[in-house]
Amino acid sequence: MPCVAADGKLIGTAGLTQIEGSGGGGIVPWATLAGYDSREQISAGATLSRVDVDDFRLSMLGASISLYDKVEVSIAQQHFEIKGAGVDIKQNIVGLKYKLYGDVVYSEWPQVSVGMQYKHLEDSAVASSVGAQNSTSGTDFYIAATKVHLGAIAGFNAVWNLTARATKANQMGILGFGGPQNNDYELMLEASAGILFSRHIALGLEYRQKPDNLGLGEDDWTDYFVSYIPSKHINLTLAWAKLGSIAGAPGQDGLYLSLNGQLW
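Predicted model only: the values in this text are computed from it and were never measured.

Cut-offs applied
Residues numbered from 1 in each chain as written. Predicted model: local features only at pLDDT ≥ 70, side-chain atom pairs only at ≥ 80, totals over all residues. Heavy atoms only, no water. Pairing = 2+ DSSP bridges. Helix = DSSP H or I, 4+ residues; strand = E, 2+ residues; numbered from the N terminus. Axes fitted to C-alpha atoms, helices over the stretch in contact; angles between N-to-C directions. Buried < 20%, exposed > 50% of the residue type's maximum accessible area, 1.4 Å probe, protein only. Contact = heavy atoms within 4.5 Å. Polar contact = N/O pair within 3.5 Å; in protein donor to acceptor, adjacent residues only side chain to side chain.

**Q** Sorry, what's going on with the sheet that holds strand β5 (residues 71–82) here?
**A** Strand pairing within a sheet occurs via backbone hydrogen bonds; the two strands may be parallel or antiparallel. Strands sit in the order β3-β4-β5-β6-β7-β8-β9-β10-β11-β12-β13-β14 around a closed barrel of 12 strands; the barrel is antiparallel. Direction aside, the axes of adjacent strands within the sheet are offset by 20° on average. Of the pairings in the sheet, the one linking strand β10 (residues 186–196) to strand β11 (residues 201–208) comprises 7 bridges and is antiparallel in character. Each bridged residue has a counterpart across the sheet, and for Ala191 the counterpart in β11 is Tyr207.

In structure tokens:
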């Protein structure tokens, strides 16, 4: 099948790129694939994201390819910095997503995809010190459903997503996997909702449930975002992230910024 530049979907319907490198919102993977490819197209993109809260900073550099509106492959590297401590934890993530059913706009029911994220820590010392049962690597599995409703709210398009994730990850895996409180997979729920006030501006919110395997009071995450999508080739997202307690440090709130570019 020929390689055709990806422009086969409505602007904004490809979503964004989340902090683990998969297509979706900022903190939640969606059923959408990362690009605008149709059944005869492929697409590729790159993302740079940063979350800056009171005591920590998380940066992510990622890339993805989406094949024929069916399969997404993504890679990402996260850098988690403890401010003032000279600690920079690196985590590498490989993601795979497969669309099972539907289209976010044109099918009657939501688009549904399944996915996985394999995570590997380059330095396991911090994860070991806080009691992670596996301080090196782990894999998350998820199923997501996403739907865009055209003209649904006062004439504006609306989008929602629900994701169920099976995970052992502590703080996405930055603090390892499993712990003294639990070392089994748990099912965590995640959700996103937004309104597209024009073809180029979207506002919304997200929620991500988190396990507390280490007994450190790991909180669920929320964010409130605005996205500017001037074209299918680039989008910029700014959010206020409320991440709660991280490694026992409470009240970790701050700015999230993400720049995503579609190379073709």
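**Q** Would you mind showing me how to read unusual backbone geometry here?
**A** Of note in this structure, Tyr68 is not a glycine but carries a positive phi near 55°. For Tyr68, the position within the fold is in the loop between β4 (56–67) and β5. Although it is not a glycine, Met172 sits at a positive phi angle of roughly 65°. With respect to the element layout, Met172 can be found in the loop between β9 (156–167) and β10. The class for Met172 is buried, based on a relative accessible area of 2%.

**Q** Could you clarify how one ought to interpret the pairing of strand β14 (residues 253–262) in this entry?
**A** One face of the sheet, then the other: side chains in a regular strand alternate in exactly this way. Both strand β3 (residues 42–53) and β14 contribute to a ladder of 9 bridges, which runs antiparallel. The residue bridging Val51 from the neighbouring strand is Tyr256, located in β14. By the bridge criterion, 9 bridges tie strand β13 (residues 234–242) to β14 in an arrangement that is antiparallel. Along β14, the bridge assignment pairs Lys242 with Asp253.

**Q** Can you walk me through the environment of Asp212 in this structure?
**A** For Asp212, the location among the structural elements is in the loop between β11 and β12 (221–231). The spacing of Asp212 and Gln41 is 171 residues in sequence and 41 Å in space, taken between C-alpha atoms. Residue contacts for Asp212: discarding those within four places in its chain leaves Gln181, Gly217 and Glu218. At a separation of 3.4 Å, a polar atom in the side chain of Asp212 contacts the main-chain amide nitrogen of Gly215. Of note is the side chain of Asp212, whose polar atom sits 3.1 Å from the backbone nitrogen of Glu218.

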